[in-house]
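Architecture at a glance
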Protein chains: 4
Amino acid sequence: MAYRSSDKTRRKKDAKRTAMMQAAVHVFAEKGYHAATIRDIVTAADVAIGTFYFYFPDKETLFVHLYEETAHFFLGALQQAVLSRRVLPEQIQAGLQAYVNIAIYEPAVVQLLLVGGVGSVPSLMEQHAAFRERLINIWQRPLNEALLHGQIPPQNSRRAAEALAGAFDEVILHLLNHPDPASEAAETITELTRFALRAIAYSESSK
Amino acid sequence: MAYRSSDKTRRKKDAKRTAMMQAAVHVFAEKGYHAATIRDIVTAADVAIGTFYFYFPDKETLFVHLYEETAHFFLGALQQAVLSRRVLPEQIQAGLQAYVNIAIYEPAVVQLLLVGGVGSVPSLMEQHAAFRERLINIWQRPLNEALLHGQIPPQNSRRAAEALAGAFDEVILHLLNHPDPASEAAETITELTRFALRAIAYSESSK
Amino acid sequence: MAYRSSDKTRRKKDAKRTAMMQAAVHVFAEKGYHAATIRDIVTAADVAIGTFYFYFPDKETLFVHLYEETAHFFLGALQQAVLSRRVLPEQIQAGLQAYVNIAIYEPAVVQLLLVGGVGSVPSLMEQHAAFRERLINIWQRPLNEALLHGQIPPQNSRRAAEALAGAFDEVILHLLNHPDPASEAAETITELTRFALRAIAYSESSK
Amino acid sequence: MAYRSSDKTRRKKDAKRTAMMQAAVHVFAEKGYHAATIRDIVTAADVAIGTFYFYFPDKETLFVHLYEETAHFFLGALQQAVLSRRVLPEQIQAGLQAYVNIAIYEPAVVQLLLVGGVGSVPSLMEQHAAFRERLINIWQRPLNEALLHGQIPPQNSRRAAEALAGAFDEVILHLLNHPDPASEAAETITELTRFALRAIAYSESSK
DNA sequence: TATGAATGAGAATTCATTCAT
DNA sequence: TATGAATGAATTCTCATTCAT
């Protein structure tokens, strides 16, 4: 009798919503914000145009949501990887491992965050700036620790973190263009870790 | 007198064409490829829409031309700066100096070249990829030299060059966001140079 | 016991149907036919969209039903007021009193009936025309009576009724815009009655 | 050489703009604001959709403009007619004559003002209220004069003007529905004038 | 009966591009 | 050469209506 809400229906709705967001991430990642059309997204999600507007208020809002969620997921994974280790070399390596994993298994995430639609969507500017800031912070915090422990010589840790973040992004973006990224992953991580440790003049001095 | 026609007419024509390209650089840099409209460009150049189509076949072609020219100018300046020095530290520093100069005095150039979000337009993606490739080469060549001379230990110079390019881009992009970039320029260059030299384990060994 | 089924079920059904029509009157009155959406109506009635289509075949049909019912109620009240009196001045005054009462206590009814802007939807235009016709008739009938009794001089009673109807509508619409319509009601009715009696050159001649 | 602006071009542009506004008046008058589509308008004007947006910013702005202009034209004609006479009966008659002329020869004007899209377009509400106000003023001013000269007994001239305005509108709207309005015009005007003079208890007393 | 997710035709608006002058 | 009016395909978004549950 009547209609039972918050049962299967609820779950199904959430599932569809999620499916549509997945589809949207891929479309946005591939085409960029402006070139991606609502039709592209609903086609990818295999629903009608109206369905899009049932779940999301408009293209821009969806994109910003998506960017936020994606950034949150990405930064969370990175942060957790870094915090799971206690010494700088392992922290950097673990962070890079997490980064590379995402890049390989969810390339759209990286595409969206690094290429996406920056410069296009005004309301995205802040989101993007905030993302860069948090990303840089993830790398900077271990550097500050290391500075405190005298494991790296005095230096502008902020600028170093910017440089590392930029370096990592670029190398991993190139890794993604490789025909078989997975085969290169381990080596890339090792090299980048060494590159980073040398760049900040790390030495396991202390103790 | 191998010089071509070049009377007033030609000069005027070139002047108008140049004005439009100048305007276009700024418009594209500010809004990104898709959000920039032909009307934006001709308004900035103070000509009529029809005039645009007299000089350029279409929007995409203009952008490609523009990107090529801008990349050529930028890479040329960088390359020249690097080649004007003989030892690695100076090469890197000179290159960074050139990069920073352009970033400060022609920020639109840097914005245009680094702006992403041109996904789904093949010809634009190619241009961007080609630019990255050439940029990385500029940094890689001195590294290869240094490798040959034993000034840096064996390493994947290609990957190192990628990392350096990414690091430089990121730091300089942040420098541009600074309220008074010029005041920070010298220090940034010094730091980045040291960062780079450490990263590739440079030592002035030889001779 | 000629009464039909009428158990709880029927009453509940009618209740819901009625709630939706009530809501619809207000929504249509406020926004006009085109701007009012089904969602507006079901939201106001606190039912689901599907429920709307269980009770009504479509938007247009609902509006027509609604308009008919509302017109029927309105005209009925007016007619009854007029017929409850035997002499023209009292008939006009009673009619106006009924009109003003509805306007003040059910402004949506008046809004709905007088709202135009339903051009291009034939069935709605018909309804509106029919309503005007019946309204004019209500005023015209007493005039014809008065003509017969020689209480008003020969005149085109149809045209006079149109004029009176228009005059009454306009003044009452303005009354509704007044901050406190009720306080002005009595005076307005008196004035309008006198206006009308003078306009048709009424004199209590006979007997 | 080059392009000569503000010549034939200018005139042509204005002509086309006017033609489009004419077309729009008719479409809006016939269908009402919401039901009228841009396509309807451009089809009536025999231009492409884009052309509409070259001349007007959007549908709503055009409609409001149109309403304003139309109201200005209508009220101007009425006002002038009324002011061209010195005694009340003639003023009313001349005003009605002008009104009827417009109604017959430019029925769309009357449709737009009286039926148009009231209640639909929020930004139109004020325009419509202002129009009613000015219309009522046109009738009220002669009444005030007559009051001053003792040609009509003390009465609320404002309310009387509202009533007259409403009466005139209604009768003329019905006149327009007549198969051959022109044939009825003279009689209608005469009757309405008498109706009005009686309603306000006019007598040529004074002097 | 009642629900609300899903649909898609249709409306407004933008913008690259053309072409008569 | 230069102009800008004109075009219409493409895009975003709305909303009446359907239907499985």
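This text gives an overview of the structure that appears in the document. Nothing here was measured: the structure is a model prediction, and the numbers come from that model. (Residues numbered from 1 in each chain as written. Chains lettered and ligands numbered in written order. Predicted model: local features only at pLDDT ≥ 70, side-chain atom pairs only at ≥ 80, totals over all residues. Heavy atoms only, no water.)

Concerning the pattern of salt bridges
The full count for this structure, using the stated rule, is 32 salt bridges over all chains. The network of salt bridges with common partners includes A:Arg159, B:Glu184, B:Glu187 and B:Glu191. (Salt bridge = Lys/Arg side-chain N within 4 Å of Asp/Glu carboxyl O.)

Quick notes on the interface of chain D and chain C
With 34 residues of chain D at the contact, the number on the chain C side is 33 residues. Roughly 2,600 Å² of surface becomes buried between chain D and chain C when both sides are summed, with 57% attributable to carbon and sulfur atoms. When the buried surface of chain D facing chain C is broken down by residue, D:Arg159, D:Phe195 and D:Arg198 rank first, second and third, together holding 23% of it. D:Arg132 is paired through a salt bridge with C:Glu170; the nearest N and O atoms lie 2.9 Å apart. Taken together, the connections running from chain D to chain C amount to 10 residue pairs in polar contact (both at pLDDT 80 or more). Only helix H1 (8-31), helix H7 (122-148), helix H8 (157-177) and helix H9 (181-199) of chain D provide two or more residues apiece to the side of chain D that touches chain C. (Contact = heavy atoms within 4.5 Å. Buried area = accessible area lost by both parts, 1.4 Å probe. Polar contact = N/O pair within 3.5 Å; in protein donor to acceptor, adjacent residues only side chain to side chain. Helix = DSSP H or I, 4+ residues; strand = E, 2+ residues; numbered from the N terminus.)

Description of the protein's contact with DNA strand E
What surrounds DNA strand E is a group of 33 residues, the closest being A:Thr51, A:Phe54, A:Tyr55, C:Thr51 and C:Tyr55. Among the atoms of DNA strand E close to the protein, meaning within 4 Å, 71% are from sugar or phosphate groups. At 3.0 Å, a backbone N or O of C:Gly50 approaches a base nitrogen of DNA strand E. Between DNA strand E and C:Tyr55, the relevant distance is 2.5 Å, taken from a phosphate oxygen to a side-chain nitrogen or oxygen of the residue. Elements with a contribution of two residues or more to the surface near DNA strand E: helix H1 (8-31) and helix H3 (49-55) of chain A, helix H3 (49-55) of chain B, helix H1 (8-31) and helix H3 (49-55) of chain C together with helix H3 (49-55) of chain D. Take the surface near DNA strand E: its biggest share by element is five residues, from H3(C). (Near = heavy atom within 4 Å.)

Brief notes about the interface of chain B and chain A
Listed by partner, the interface residues are 34 residues for chain B and 34 residues for chain A. Summing both sides of the interface, chain B and chain A together bury roughly 2,600 Å²; the carbon and sulfur share of this comes to 57%. Looking only at chain B, the three residues that lose the most surface to chain A are B:Arg159, B:Phe195 and B:Arg198, adding up to 24% of its buried area. One salt bridge connects B:Arg159 with A:Glu184, and the closest N-O pair in it is separated by 3.7 Å. If you look at where chain B meets chain A, you find 10 residue pairs in polar contact (both at pLDDT 80 or more). Where the side of chain B that touches chain A is concerned, the elements lending two or more residues are helix H1 (8-31), helix H7 (122-148), helix H8 (157-177) and helix H9 (181-199) of chain B. It is H8(B) that contributes the most residues to the side of chain B that touches chain A, 11 residues altogether.

Looking at the environment of D:Thr190
All names here are of chain D. Note on placement: Thr190 falls in helix H9. For Thr190, a relative accessible area of 32% translates into the label partly exposed. A distance of 2.9 Å separates a polar side-chain atom of Thr190 from the backbone oxygen of Ala186. (Buried < 20%, exposed > 50% of the residue type's maximum accessible area, 1.4 Å probe, protein only.)

Quick look at the relation of the copies chain D and chain C
When chain D is brought onto chain C, the operation consists of a screw motion whose angular component is 179° and whose axial shift is 0.1 Å, with 0.6 Å RMSD remaining. The symmetry that links the two subunits is that of a two-fold axis. Residue D:Ala199, judged by its C-alpha, is the member of chain D lying nearest the rotation axis, at 1.8 Å. Taken as a fraction of all interface residues of chain D, those also at the interface in chain C reach 94%, which identifies the copy contact as same-surface. (Least-squares fit on C-alpha atoms with pLDDT ≥ 70 in both.)

Re the relation of the copies chain B and chain A
Structural alignment of chain B on chain A gives an RMSD of 0.6 Å, achieved by rotating through 179° and translating 0.1 Å along the axis. Here 97% of the contact residues of chain B are again contact residues in chain A; the copies associate through an equivalent surface.

Let's talk about H1(D)
All names here are of chain D. With 24 residues, H1 extends 34 Å between its outermost C-alpha atoms, agreeing within 8% with the 34 Å of an ideal straight helix rising 1.5 Å per residue. Inspection of H1 places Met20, Met21, Ala23, Ala24, Val25, Val27, Phe28 and Ala29 among the buried residues, and these make up the whole buried set. Buried positions along H1 lie against helix H2 (38-45), H3, helix H4 (59-83) and helix H6 (107-114). (Expected span 1.5 Å × (residues − 1).)

Regarding the protein's contact with DNA strand F
Around DNA strand F sit 33 residues in total, of which B:Thr51, B:Tyr55, D:Thr51, D:Phe54 and D:Tyr55 are the nearest. Counting only atoms of DNA strand F within 4 Å of the protein, the sugar-phosphate share comes to 71%. Contact distances for DNA strand F include 3.2 Å between a phosphate oxygen and a backbone N or O atom of A:Ile38. The set of elements that each furnish at least two residues to the surface near DNA strand F consists of H3 of chain A, H1 and H3 of chain B, H3 of chain C together with H1 and H3 of chain D. With five residues, H3(B) is the largest single contributor of residues to the surface near DNA strand F. Residue composition of the surface near DNA strand F, by class: 18 nonpolar, seven polar and eight charged. (Nonpolar A, V, L, I, M, F, W, Y, C, P; charged D, E, K, R; others polar.)

A look at the side chain of A:Glu170
Turning to its location among the elements, A:Glu170 is positioned in helix H8 (residues 157-177). In this structure A:Glu170 comes out as buried when scored by relative accessible area, which is 10%. What A:Glu170 contacts, discounting residues up to four positions off in sequence, is B:Arg132, B:Ile136, B:Glu162 and B:Gly166.

Observations concerning empty space enclosed by the protein
Here the idea is plain: a probe the size of a water molecule rolls over the atoms and shows the empty space left. Residues and elements named next belong to chain C. Applying the stated criterion across every chain, the model contains two cavities of 30 Å³ or more. Approximately 40 Å³ is the volume found for the second largest cavity. Going through the elements one at a time, helix H4 (59-83) and helix H7 (122-148) are the ones with two or more residues in the lining of the second largest cavity. Classifying every residue of the lining of the second largest cavity gives six nonpolar, two polar and no charged. (1 Å grid on protein atoms, 1.4 Å probe; cavity = no way out; pocket = protein on both sides within 12 Å on 5 of 7 lines; lining within 4 Å. Points joined across faces, edges and corners; volume = space filled by probe spheres on them.)

Description of the arrangement of the chains
Over all C-alpha pairs, chain A and chain C never come within contact, reaching a minimum spacing of 11 Å. Regarding chain B and chain D, the two do not touch, and the least distance separating their C-alpha atoms is 11 Å.

Remarks on the nonpolar core
Residues C:Phe28, C:Phe74, C:Phe168, D:Phe28, D:Phe74 and D:Phe168 are the most contacted members of the largest nonpolar core, which totals 148 residues. When neighbours within four sequence positions are excluded, C:Phe168 is seen to be in contact with C:Ile92, C:Leu96, C:Tyr99, C:Trp139, C:Leu192 and C:Ala196. A:Met21, A:Ile189, B:Leu143 and B:Ala165 belong to the second largest nonpolar core, which has 146 residues in total. (Core = buried A, V, L, I, M, F, W, Y, C linked by side-chain atoms within 4.5 Å.)

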